[in-house]
Amino acid sequence: MSAKIETHAFQAETKQLLDLMIHSLYTNKEIFLRELISNASDALDRLRFEALTKEDLLAKGEQLEIRIETDPDQRTLTISDNGIGMTRAEVIANIGTIAKSGSRELMEKIRKGKSAEKVSELIGQFGVGFYSSFMAADSVTLETRRAGKKAVTRWQSSGDGEYTLSAGQREGRGTTITLHLKEADKDGGIEDYTDQWVLSRIVKRYSDFVSYPIILKTTREETEKDESGEPKKDGKTSTVVEDKTLNSMEPIWTRPVGDVEDSDYAEFYKHISHDWNEPMKNLRYRAEGRIEYQALLFVPSEAPHDLYYFAYEYGLQLYVRRVMIMDRCEDLLPRYLRFVKGVVDSADLPLNISRQRLQEDRHITQMRKWLTKKVLDSLADLRADDEEQYLKFWQHFGKAMKEGLSSDFDNKDKILPLTLFESSHDAEKPTTLGEYVTRMKEGQEEIYYLTGESRAAVASSPHLEAFKDKGYEVLYLVDPVDELVVQHLFDYEDKKLKSVGKGTVELGTEEEKEQAEKEVKEKEEEYKDLMELMQKKLDKTIKQVRLSSRLTTSPACLVGAEHDYSPQLEKLLQKGQGGGPKQRWILELNPKHPIMQKLHDRFDADKEDPVLGDYAELLEGYAQLAEGSELEDPVRFNQLLADVMLERL
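These figures come from a predicted structure and were not determined experimentally.

**Student:** How should I be thinking about the packing of helix 18 (residues 594-605) against helix 19 (residues 610-626) in this particular structure?
**Tutor:** In contact at an axis separation of 10 Å, helix 18 and helix 19 are set at 160° when each is read in the N-to-C sense. With respect to helix 19, the element helix 18 is oriented roughly antiparallel. Between helix 18 and helix 19 lies a crossing whose hand is left-handed. Between helix 18, through Ile595, Met596, Leu599, Arg602 and Phe603, and helix 19, the contact on the second element is made entirely by Val611, Leu612, Tyr615 and Leu619. Residue composition of the contact of helix 18 with helix 19, by class: eight nonpolar, no polar and one charged.

**Student:** Hey, could you run me through the packing of helix 16 (residues 510-538) against helix 18 in this one?
**Tutor:** Helix-helix packing: each pair is described by the crossing angle between the helix axes and the interaxial distance. Interhelical geometry of helix 16 versus helix 18 gives an angle of 85° and a closest axis separation of 10 Å. Accordingly, the angle class assigned to the pair helix 16 and helix 18 is roughly perpendicular. Of the residues in helix 18, those touching helix 16 at Glu526, Tyr527, Asp529, Leu530 and Leu533 are Met596, Gln597, Leu599, His600 and Phe603. A breakdown of the residues in the contact of helix 16 with helix 18 according to their chemical character gives six nonpolar, two polar and two charged.

**Student:** Just checking my understanding: could you explain the sheet that holds strand 20 (residues 542-547) for this structure?
**Tutor:** The strands making up a sheet are joined through hydrogen bonds of the backbone, oriented either antiparallel or parallel. In spatial order, the strands read 20-22-21; together these three strands make up an open sheet with mixed pairing. Edge strands, defined here as strands with exactly one partner in the open sheet, are strand 20 and strand 21 (556-559). Averaged over neighbouring strand pairs, the angle between their axes works out to 25° when direction is ignored. Sheet topology note: the strand 21/strand 22 (residues 585-589) ladder contains four bridges and is antiparallel. Bridge pairing in strand 22 places Ala556 opposite Leu589.

**Student:** Any chance you could explain the side chain of Ser554 here in plain terms?
**Tutor:** Relative to the helices and strands, Ser554 is located in the loop between strand 20 and strand 21. Polar side-chain contacts of Ser554 include one of 2.3 Å to the side chain of Glu465. Here the side chain of Ser554 touches Tyr622 through a polar contact of 3.5 Å, side chain to side chain. The residues touching Ser554, leaving out its near neighbours within four places in the chain, are Pro462, Glu465, Asn590, His593 and Tyr622.

**Student:** It is not clear to me how helix 2 (residues 31-51) should be interpreted in this structure. Could you clarify?
**Tutor:** Within an α-helix, residues lying three or four positions from one another point in the same direction, as the helix has 3.6 residues per turn. With 21 residues, helix 2 extends 31 Å from end C-alpha to end C-alpha; this agrees with the ideal 30 Å at 1.5 Å per step. For helix 2, the buried fraction is high: 17 of the 21 residues fall into the buried class.

**Student:** How should I be thinking about the sheet that holds strand 1 (residues 5-9) in this particular structure?
**Tutor:** Strands sit in the order 1-6-5-4-7-3-2-8-9 across an open sheet of nine strands; the sheet is mixed. At either end of the open sheet lies a strand with only one pairing partner, and these are strand 1 and strand 9 (237-245). Recorded for the sheet is a direction-independent mean angle of 20° between the axes of neighbouring strands. Summarising the sheet, strand 8 (residues 214-223) and strand 9 pair through nine bridges and their orientation is antiparallel. Following the sheet pairing, Ile215 is matched in strand 9 by Thr245. Most of the contacts of helix 6 (residues 196-206) go to strand 8, to which it runs at about 145°, and overall it touches strand 2 (66-71), strand 3 (76-81), strand 8 and strand 9.

**Student:** Honestly, the environment of Leu199 in this entry has me stumped. Any pointers?
**Tutor:** Counting through the fold element by element, Leu199 comes out in helix 6. By relative accessible area, which is 0% here, Leu199 ends up buried. Residues Leu199 and Leu216, spaced 17 residues apart in sequence, show a C-alpha to C-alpha distance of 8.5 Å. Ignoring anything within four residues of it in the chain, the contact list for Leu199 reads Leu33, Ile68, Thr70, Leu77, Tyr193, Leu216 and Leu246.

**Student:** Looking at this structure, how should I read the nonpolar core?
**Tutor:** Side chains of a nonpolar character, in soluble globular proteins, are inclined to be buried together. Ranked by size, the top nonpolar core spans 72 residues in total, and within it Leu318, Phe339, Phe393 and Met401 carry the most contacts. Here this core gets seven residues from one element, more than from any other, and that element is helix 9 (residues 362-385). With sequence-adjacent residues up to four places away left out, Phe393 is seen in contact with Met280, Val299, Phe339, Leu379, Leu382, Gly398 and Met401. Among the nonpolar cores identified, the runner-up in size contains 59 residues, and Ile31, Ala147, Leu199 and Tyr319 belong to it.

**Student:** Can you help me understand a negative patch on the surface in this one?
**Tutor:** A cluster of acidic side chains, namely Glu524, Glu525, Asp529, Glu532, Asp601 and Asp604, defines a negative patch on the protein surface. For the negative patch, the elements supplying multiple residues, two or more each, are helix 16 and helix 18. The residue Asp601 is located in helix 18 in this model.

**Student:** Teacher, can you tell me more about the confidence of the model for the chain here?
**Tutor:** Any segment with low pLDDT has predicted coordinates that should not be analysed in fine detail. In this model, the chain carries a mean pLDDT of 84, and residues with pLDDT of at least 70 account for 87%. Every residue in residues 114-127 scores below 50 in pLDDT, and together they form 28 contacts with partners more than four places removed in sequence or on other chains. For the stretch residues 351-357, pLDDT sits under 50, and the model shows 11 contacts to residues farther than four places along the chain or on other chains.

Rules and cut-offs
Residues numbered from 1 in each chain as written. Predicted model: local features only at pLDDT ≥ 70, side-chain atom pairs only at ≥ 80, totals over all residues. Heavy atoms only, no water. Axes fitted to C-alpha atoms, helices over the stretch in contact; angles between N-to-C directions. Helix = DSSP H or I, 4+ residues; strand = E, 2+ residues; numbered from the N terminus. Parallel < 35°, antiparallel > 145°, perpendicular 65-115°, else oblique. Left-handed = near helix turned anticlockwise from the far one by under 90°. Contact = heavy atoms within 4.5 Å. Nonpolar A, V, L, I, M, F, W, Y, C, P; charged D, E, K, R; others polar. Pairing = 2+ DSSP bridges. Polar contact = N/O pair within 3.5 Å; in protein donor to acceptor, adjacent residues only side chain to side chain. Expected span 1.5 Å × (residues − 1). Buried < 20%, exposed > 50% of the residue type's maximum accessible area, 1.4 Å probe, protein only. Core = buried A, V, L, I, M, F, W, Y, C linked by side-chain atoms within 4.5 Å. Patch = residues over 30% accessible without salt bridge, like charges linked within 9 Å, V, L, I, M, F, W, Y side chains within 5 Å. Areas by Shrake-Rupley, 256 points an atom, 1.4 Å probe, with all protein chains shown as cover. Salt bridge = Lys/Arg side-chain N within 4 Å of Asp/Glu carboxyl O. Lys, Arg positive; Asp, Glu negative; His and termini not counted. Charge placed at Lys NZ, Arg CZ, Asp CG, Glu CD. pLDDT = per-residue confidence, 0-100.

Given below as structure tokens:
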């Protein structure tokens with residue numbers, strides 16, 4: 001009776017990505033073997049981890065290994081492991097789908113005209129290591145059996161948009177992947193992957209550090225020998241089949257620093273992170289004393305596509321006496337350092353520790369404090385030694401680092417000197433608060449900032465007119481996390497942080513401040529009745545109409561009271577579930593602007609003129625648009641604007 005075979009179609013994005021990978025311009029196609037070995041190593045790690053609580057999964061003394069076999073006649077290459085294996089459902093979830101959370105984003109980038117070189121860089125960021133096998137194979141067969149289960153699942157595909165599922169045959173747990181290889185094509189970058197010397201070289205180059213034996217079944221011809229061990233002149237030749245371990249299995253973090261090359265660190269990073277880019281920085285630490293442990297950490301060169309998603313999974317690999325007990329230990333570093341990859345190996349943690357006990361373990365707490373301090377010190381060294389490289393780091397991971405200012409109060413003084421902000425001082429180069437303070441004007445007591453959606457939106461805000469006019473530097477806080485930062489960062493070096501979009505503004509020398517205040521008070525008396533009329537008209541959305549000293553060219557702007565939300569924060573809160581509070585704003589008017597002067601003249605002529613109320617609404621709408629906010633009533637605003645335009649024709 002023939003086995004039932006099911007045919008499934010790949011998801012649309014999966015098919016596009018698979019086609020892209022198979023036909024992409026990789027010159028180094030041998031990397032597929034590293035990816036398959038890395039997956040096998042992960043499966044063995046997961047088995048060891050599950051066996052800590054399910055002892056029946058792993059027999060005492062059983063060797064965990066990765067095996068490679070070739071058949072030059074059939075042109076096949078087989079990689080197998082005796083790791084955790086997969087159920088049928090897991091095969092569909094893990095093999096039937098590429099990059100579940102990121103494929104659509106990747107395809108959008110591709111559609112926008114990325115070059116082939118840039119596309120190849122993107123591929124490695126989406127966890128598609130298994131599919132790299134199609135660079136070397138016409139078809140791939142996978143047979144897998146989950147530890148503790150009897151069912152065996154067989155998966156097969158030619159990379160043409162479909163795959164089949166059926167029952168398979170396998171004696172024990174684990175996974176076997178058989179590649180039906182393409183013909184060797186040196187010009188096309190495809191070597192003969194049935195050649196044991198080629199395979200030995202690839203494994204030694206990319207996977208020497210894997211902590212499980214990678215065993216290649218080799219064959220050699222041996223001539224019959226005489227009593228002295230020398231080959232007989234007319235001796236018979238026989239074929240000897242034997243196992244050869246290709247890797248040293250010595251963990252890279254235990255090797256002497258002088259014995260490890262940068263390329264070794266890079267390959268190890270790629271192995272644990274599944275990132276095809278080299279890391280920006282390697283961080284190697286060793287702690288001795290009451291708690292002894294080693295850490296090998298990496299700062300990636302680029303942020304993963306989902307780093308700023310709430311569900312982003314992070315954490316360091318935790319080893320105890322070279323045995324991995326957690327693939328992602330989130331407790332070893334705070335969340336704002338979630339971009340850091342690497343391993344921590346301790347001799348002081350119990351091997352049978354549970355996840356809950358691990359979170360409460362005092363050793364973990366101590367390690368977290370120490371590692372956090374070391375990482376921040378290393379980033380400070382990077383900023384001091386290589387400013388250009390640090391700017392690249394900040395471009396990718398700055399928003400995550402800023403989260404630490406509102407969550408890690410113990411290390412706030414270490415994070416703050418590393419934090420960069422956009423500024424009106426230099427459009428190209430961000431600044432630290434320390435650098436801002438050195439440029440402050442004589443007598444300036446506050447650090448000025450304005451939040452917004454983008455640099456362009458903030459730089460064109462009417463709130464900045466007086467600051468630009470008098471040459472005051474303003475920080476442009478354009479990351480969403482900046483709203484959280486200013487809720488916890490009140491001052492720096494005794495200089496208070498002040499939003500230029502809140503409260504009142506007093507700039508210049510004491511004499512200039514007094515003069516500005518005097519002029520505003522005089523105008524307030526003159527415009528008092530007009531402002532009362534406008535307040536009455538706008539009372540639903542505006543809590544106060546007042547004259548401004550911060551405007552020089554614009555007729556109006558919206559500002560908040562000192563403790564109000566900024567417009568940007570209000571928008572973010574409104575996007576949340578159930579929305580957020582809707583605030584009433586302060587409408588500030590420029591008494592020197594021709595519109596205000598003409599409105600005042602019209603008011604003097606006819607205090608009941610309906611145009612006065614219309615212009616009050618238009619000025620509110622103008623102020624909303626100027627700061628990038630949505631209009632309260634766009635239909636009404638458009639009608640009023642059309643009437644004004646018609647009147648002018």
